[in-house]
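The lines below spell out each chain.
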Amino acid sequence: MMDVRQNELKHQPSLRNSVTMRHFMPQKRRVVITGIGTTSAVGVGMKSLWNALISGQSGAKLCHTFDLSGFSCPFVAQLAADQLDIKQFVPKSYRKATKVMARDIELAVAAAHEAVNDAGLITKSHEAADGKVSMPATQMGCQIGAGSIAAEENELTVAFASSQTADGEIDLGAWGSSGMQNITPLWMLKYLPNMLASHVSIIHDCQGPSNTITCGEASALLSIGESMRVIGRAAADCCLSGGVESKVNLMGVLRQLYSKRLATASLSDDPSSIIRPFNPSATGGMAGEGGAILVLEELESARARGAKIQVELAGFGASQSFCQDTVGIGAEVDGAGIAQAIETALHEAGVKPADVDAIVPFGCGVPGIDASEAAALRKVFGERVSKIPLVTISTVTGNCGAGFGGVAASVAVQCLREQKLPARIQGGKAGESVGGVDGASIGARDAVLNTIVVTTTSLGGQNAAIVLRRIS
Amino acid sequence: MSEPRVVVTGMGWVTSLGHTVDGVWKRLMNSESGMAPITHFKAATFPTSFAAEVKPDFDYRTFLNDPKVHATTALNAQFALGAARQAWNQAGFHTHPPKDPRRVGLYLGAGEGVLDFDNYAGALISAWDATTQKVDGVRWAKAALARLDAFKEIEQEPNMSLAHLAREFGIRGPASNCLTACAASTQAIGEAFSMIRRGDADIMMSGGTHTMIHPLGVTGFNRLTALSTFKGDPTLASRPFCMSRDGFVMGEGSGMVILEKLEHALARGATPLAEVIGYGSSADAFRITDIQPEGRGAAAAINAALQQAHIDPAAVGPDGRPLIHYISAHGTGTKENDSIETRAVKVVFGERAKHIPMSSIKSMMGHLIAAAGAVEFMTCILAIQHGMLPPTRNHHDPDPALDLDYVPNVARKCAVDTCISNSFGFGGQNDTLVVTRYKTS
């Protein structure tokens, strides 16, 4: 059989900096994506997300857990209260453990459930299969990006309130001697970032390498890249990979505001009009919750189990931006770091910029970050950048932090599967997009799609990009 | 083409025992303890009121080119900057910086930042609605906006140490931070090593930094009953592998190393301090509260690392010794860890296990949580360089069920070529590194 990639490698693109790029070699063991599972503001699973994206539906709504009108934006991208019953997503024997799952963990466990089903993978979670699983446990890895999980406010405050001074401050002495007894002994285990991967690896019996990357909005793509490397070096044949986070909590919204990522909106505004990716009139984003887990498999191993193989993870790149303000509240103006990550990923995939059919960017609707991304895309794709379709998803997801890249990658997979591009909403007028990218509003349409680039950039300046390719 | 060899060309640390490589090593050789009553906050009434804190003579600004750039830096990144500067300079990059910053990467196991506890708790209390038993969002917003500082909040994000190090040292290559509890920095070094082997970078700055010596950190571990609640002299509290061990003692700080592709290091005339030859990673996939009792995950990580290093755990060298000369134990001093780690080492090495010295420097500098693996990895390199093994302090009442050679109480002279460093995290992450003396062939 003709190896598609080997053929393409003969026509390596000439890159501007061959000194840097000659090092980045393709992997011998090829990695395919055989399953996707998402959780987003419109529900659990790709079906609800894809329907929303195709029909141009927004995920923004008034927050149902807290009144956020004390902040500049009262809206969030949050699942409806009845959209996630975690007990439906874990095997019966594991239901008790759902008591120690923070919101981020629930969202991850549900996403993993969806991904494993989508891949047709039989894992330990299928109790009826009686141990007849698709993959040996030691060949299953798990890399799930996470944020710093916010403590559930009511649970902690009822305990704090028991140890307050007369003027309403925390009494540390009373807290140490008795107050802390009011929180559950396992309290901390709800909030360790690695508990997303920990629960998922227990449920699906992943005994291979397991990691938790915590690089803000770059976490999921960095995790997907790391899973690709783990499979590449034969430390596992299959990885549950991606990222999940909920920023829909008080501290999450506050930090969005403090890092200048929160839009300005009032209660009377239409929530669906607030996030406006690459639109010159944008004022910012909003807190979101969700993310995605993808099933990554070594090609031959996936073939051997009869998996449906449609998409290859062909390239990965990562980089660090120069942050003028050190912590990266302001994005890198020239987008050099983002461009470097994309170029590295393209190079590994053996794909010329001219052959990229669509891009799923971060596109969070924060003017400075959108401008930085647009500059990076222009750097990589040149004038053609105004013609490459951009798939903007933050209108549905909000900023779900470590989860964002996972959703973006899953949407790219779905585009390749369906040969369809979703609608783009709130994009503004044709020809007026930030940085001259293809950012105007447009309806869903059919498209011939073979290669899609996905990229994210984080507060703190970490960037990651992947190249996905359709396998027919 | 064989994969490139990876060497360590610089290292540095900031710990309760000091912040120079040699100074801390001397104190480890003397079996000294960094433990004392907690000074970071009023901990007197907490079940555990002592820890191994970095002492006030550490000032991160003295390690920086331009302290103004890092004016808002929180404690984790301060420790990281101090440790990284030592490593960077030892590698010689202060006088001859790397030619292409895009070929320099970062992979850290850095912890989440320290909560601004009094203001955090105060804002929540002020917004508490006793009738609904809920926090009122509008009242909280008002209080939080008044009390919680923007930079203090942002600096708590776990990737902020990356941002500070990248800025200070001009790093533009791939950058990641992992947070797999107590295994994080071992995993970070392992992944950084893997990235150089694959060609994703020529140089990686790697390691960890963490402090959990703050009210909610101590609360969380106290509630889990993971911390020692020893009454008496804090320097006697950490007792790994002892019958009377009752939990770990928190430490804080950072360990940082420069990993480099061998060819790259030699071409620029750098001195390899040691070579990394194996990395193994596994998950228990058992329970979030307990370690798999047979040490299945720990043994899998050790075995994977040895396999990559082409070391047969059953073999002996020409000197009749096992091929691993020293194990830097995870050795937390909890009942569960020490017995299961001992079991796992026996599962892997069989009869040879008793002939491999294995000690825990946590008995002296406490548990640096995410940063623990990095300082323990550095200890292995120093053991190779000095031909000395650090002891397990306070090893006065051996647990009869734990029958390995824990290097009790006194540092030991020992020719060391090859070591392993183990780290195991809450949630079941297990990571092992194999490091060996650098030899030219």
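Residues numbered from 1 in each chain as written. Chains lettered and ligands numbered in written order. Predicted model: local features only at pLDDT ≥ 70, side-chain atom pairs only at ≥ 80, totals over all residues.

**Q** Could you clarify how one ought to interpret the overall build of chain B in this entry?
**A** Of regular secondary structure, chain B possesses 13 helices and 16 strands. Rg of the C-alpha trace for chain B: 21 Å, near the compact-globule value of 22 Å for 441 residues, within the 12% margin. Counting only C-alpha atoms, chain B reaches 75 × 55 × 40 Å along its principal axes. Every one of the 441 residues in chain B was classed for burial, and the buried ones make up 66%. (Helix = DSSP H or I, 4+ residues; strand = E, 2+ residues; numbered from the N terminus. Rg over C-alpha atoms; globule rule 2.2 N^0.38 Å. Buried ≥ 20, exposed ≤ 12 C-beta atoms within 10 Å, placed from the backbone.)

**Q** What is the right way to read the overall build of chain A from this model?
**A** A tally of helices and strands in chain A yields 14 helices and 14 strands. Over its C-alpha atoms chain A spans a radius of gyration of 22 Å, differing by no more than 12% from the 23 Å that the globule rule assigns to 472 residues. With the C-alpha coordinates aligned to their principal axes, the bounding extent of chain A is approximately 75 × 55 × 40 Å. Burial status across chain A gives 63% buried among its 472 residues. Intrachain contacts of chain A at a sequence separation of at least 6 include 80% that bridge at least 24 residues. (Contact = placed C-beta atoms within 7 Å.)

**Q** Hey, could you run me through unusual backbone geometry in this one?
**A** For residues besides glycine, phi is generally negative; the peptide bonds are generally trans as well. Residue and element names in this part refer to chain B. Despite not being glycine, Val 407 has its phi angle at roughly 50°, a positive value. Within the element layout of this structure, Val 407 appears in the loop between strand E13 (388–389) and strand E14 (412–413). Although it is not a glycine, Asn 409 sits at a positive phi angle of roughly 65°. Take Asn 409: it is sitting in the loop between E13 and E14. Classification of Asn 409 as partly exposed rests on a count of 15 C-beta atoms within 10 Å.

**Q** Even after reading the chapter, I still don't get the interface of chain B and chain A, so can you show me in this structure?
**A** Often, the extent of an interface is quoted as the loss of accessible area upon association of its parts. If you look at the interface, chain B gives 81 residues, while chain A gives 84 residues. Looking at the side of chain B that touches chain A residue by residue, the class counts come to 37 nonpolar, 27 polar and 17 charged. (Nonpolar A, V, L, I, M, F, W, Y, C, P; charged D, E, K, R; others polar.)

**Q** Help me out: how do you make sense of the domain arrangement of chain A in this one?
**A** Domain annotation for chain A reports domain 1 (31–150 + 191–470) and domain 2 (153–188). Here the C-alpha centroids of domain 1 of chain A and domain 2 of chain A sit 36 Å apart. (Domains from an automatic or database assignment.)

**Q** Whenever I open this one, the domain arrangement of chain B confuses me. Can you help?
**A** By domain assignment, chain B separates into domain 1 (12–115 + 156–436) and domain 2 (117–149). The gap between the C-alpha centroids of domain 1 of chain B and domain 2 of chain B is 37 Å.

**Q** Even after reading the chapter, I still don't get the sheet that holds strand E12 (residues 358–359) of chain B, so can you show me in this structure?
**A** Paired through their backbone hydrogen bonds, the strands of a sheet run either parallel or antiparallel. Residue and element names in this part refer to chain B. If you walk across this open sheet you meet the ten strands as E7-E4-E8-E9-E1-E10-E16-E15-E11-E12, and the pairing is mixed. The sheet terminates laterally at strand E7 (175–177) and E12, the two strands that pair on one side only. The sheet contact formed by strand E1 (residues 6–14) and strand E10 (residues 274–283) spans three bridges and is antiparallel. Following the sheet pairing, Val 6 is matched in E10 by Val 276. (Pairing = 2+ DSSP bridges.)

**Q** What is the right way to read the pairing of strand E8 (residues 203–211) of chain B from this model?
**A** Within a regular beta strand, the side chains point alternately toward one face of the sheet and then the other, so they alternate between its two faces. Residue and element names in this part refer to chain B. Taken across its nine residues, E8 has nine buried, putting it largely inside the fold. Of the two faces of E8, both are covered, the one formed by Ile 203, Met 205, Gly 207, Thr 209 and Thr 211 as well as the one formed by Met 204, Ser 206, Gly 208 and His 210. Judged from the seven bridges that link them, strand E4 (residues 104–110) and E8 form a sheet pairing that is parallel. Among the inter-strand pairings, Gly 105 is bridged to a residue of E8, identified as Met 204. The sheet contact formed by E8 and strand E9 (residues 252–261) spans nine bridges and is antiparallel.

**Q** Would you mind showing me how to read the pairing of E9 of chain B here?
**A** All names here are of chain B. The element E9 is largely enclosed, with a buried count of ten among its ten residues. In E9, alternate side chains face the same way, and those of Glu 252, Ser 254, Met 256, Ile 258 and Glu 260 on one face and Gly 253, Gly 255, Val 257, Leu 259 and Lys 261 on the other are all buried. Note that E1 and E9 share eight bridges and pair antiparallel. Following the sheet pairing, Gly 12 is matched in E9 by Met 256.

**Q** What exactly am I supposed to notice about helix H1 (residues 21–29) of chain B here?
**A** Note that an α-helix has 3.6 residues per turn; residues three or four places apart therefore point the same way. Residue and element names in this part refer to chain B. Here H1 has its buried residues at Val 21, Val 24, Trp 25 and Leu 28. Viewed end-on, H1 has its buried residues packed into an arc of 105°, placing them on one side of the element. Among the structural elements, E1, helix H2 (75–90), helix H12 (362–365) and helix H13 (372–386) are those in contact with the buried residues of H1. Looking at the residues trailing H1, positive phi occurs at Ser 31, about 60°. (Arc of directions from axis to C-beta.)

**Q** Please explain the packing of helix H4 (residues 103–118) of chain A against helix H7 (residues 195–204) of chain A as it appears in this structure.
**A** Between two packed helices, both the angle of their axes relative to each other and the distance between the axes serve to describe the pair. Residues and elements named next belong to chain A. Between H4 and H7, whose axes approach to 9 Å, the crossing angle comes to 40°. Regarding the angle of H4 to H7, the classification is oblique. Taken as a pair, H4 and H7 cross one another with a handedness that is right-handed. On the side of H4, the interface is formed by Asp 104, Ile 105, Ala 108, Val 109, Ala 112 and Val 116, while H7 contributes Met 195, Leu 196, His 199, Val 200, Ile 203 and His 204. (Axes fitted to C-alpha atoms, helices over the stretch in contact; angles between N-to-C directions. Parallel < 35°, antiparallel > 145°, perpendicular 65-115°, else oblique. Left-handed = near helix turned anticlockwise from the far one by under 90°.)

**Q** Would you take a moment to explain the confidence of the model for chain B for this structure?
**A** In low-pLDDT regions, the fine details of the predicted coordinates are not to be read closely. Of the residues in chain B, 100% reach a pLDDT of 70 or more, and the chain-wide mean stands at 97. Overall fold confidence (pTM) sits at 0.97, and the ipTM for the predicted complex is 0.98. (pLDDT = per-residue confidence, 0-100.)

**Q** Explanation requested: the environment of Phe 221 of chain B in the structure shown.
**A** Mapped onto the secondary structure, Phe 221 of chain B falls in helix H8 (residues 215–223). Residue classification places Phe 221 of chain B among the buried residues on the basis of 22 C-beta atoms within 10 Å. Here the alpha-carbon distance between Phe 221 of chain B and Phe 248 of chain B, two residues 27 residues apart in the chain, equals 9.5 Å. Those residues within four positions of Phe 221 of chain B in sequence are excluded, and the remaining contacts are Met 188 of chain A together with Ala 226 and Leu 227 of chain B.

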